[in-house]
Amino acid sequence: MTDKQTPDRPAVEKALRECGLSARQAKKLLSGGWKLLSSEEEQLLAELDDLKVRFSELLSQK
């Protein structure tokens, strides 16, 4: 993947799963964005920050 190429949906979903999201959470995130996912529980907000960092690190490795 080049720097200018956007990853496809399956690649993003796989990366989210590797960062610790459940399949349901990854699909919900992709279909509705951060707001839908974080509205489920307050605890997810802190976890999302951590996942964001791990997701960025994972994408930078590819």
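In this report, the structure presented in the accompanying data block is examined. These numbers were taken from a predicted model, which means no experiment stands behind them. (Residues numbered from 1 in each chain as written. Predicted model: local features only at pLDDT ≥ 70, side-chain atom pairs only at ≥ 80, totals over all residues. Heavy atoms only, no water.)

Focus: the side chain of Q25
Of note, Q25 is situated in helix α2 (residues 23-32). You can call Q25 buried: its relative accessible area is 15%. At 2.9 Å, the side chain of Q25 and the backbone nitrogen of S22 are in polar contact. (Helix = DSSP H or I, 4+ residues; strand = E, 2+ residues; numbered from the N terminus. Buried < 20%, exposed > 50% of the residue type's maximum accessible area, 1.4 Å probe, protein only. Polar contact = N/O pair within 3.5 Å; in protein donor to acceptor, adjacent residues only side chain to side chain.)

A look at the packing of helix α1 (residues 9-18) against α2
The interhelical angle for the contact between α1 and α2, taken along N-to-C directions, is 135°, at an axis separation of 9 Å. In terms of orientation, α1 and α2 fall into the oblique class. The chirality of how α1 crosses α2 is right-handed. Where α1 approaches α2, its residues R9, V12, E13, L16 and R17 are matched on the opposing element by A23, A26, K27, L29, L30 and S31. (Axes fitted to C-alpha atoms, helices over the stretch in contact; angles between N-to-C directions. Parallel < 35°, antiparallel > 145°, perpendicular 65-115°, else oblique. Left-handed = near helix turned anticlockwise from the far one by under 90°. Contact = heavy atoms within 4.5 Å.)

Side note on α1
Taken residue by residue, α1 has V12, E13, A15 and L16 as its buried positions. Take α1 and look down its axis: the buried residues cluster within an arc of 160°, on one side only. Residues of α1 that are exposed and point over 90 degrees away from its buried face: P10 and K14. G20, located one to two residues past α1, shows a positive phi value of around 115°. (Arc of directions from axis to C-beta.)

Concerning the pattern of salt bridges
Enumeration over the complete set of coordinates arrives at 3 salt bridges. As a salt-bridge pair, E13 and K27 come within 2.9 Å of each other at their nearest N and O atoms. Separated by 14 residues along the polypeptide, E13 in helix α1 and K27 in helix α2 bring together distant segments of the chain. Under the relative-accessibility criterion, E13 is labelled buried at 18%. Judged by its relative accessible area of 46%, K27 falls in the partly exposed class. Between D50 and R54 there is a salt bridge, with its nearest N and O atoms 3.3 Å apart. (Salt bridge = Lys/Arg side-chain N within 4 Å of Asp/Glu carboxyl O.)

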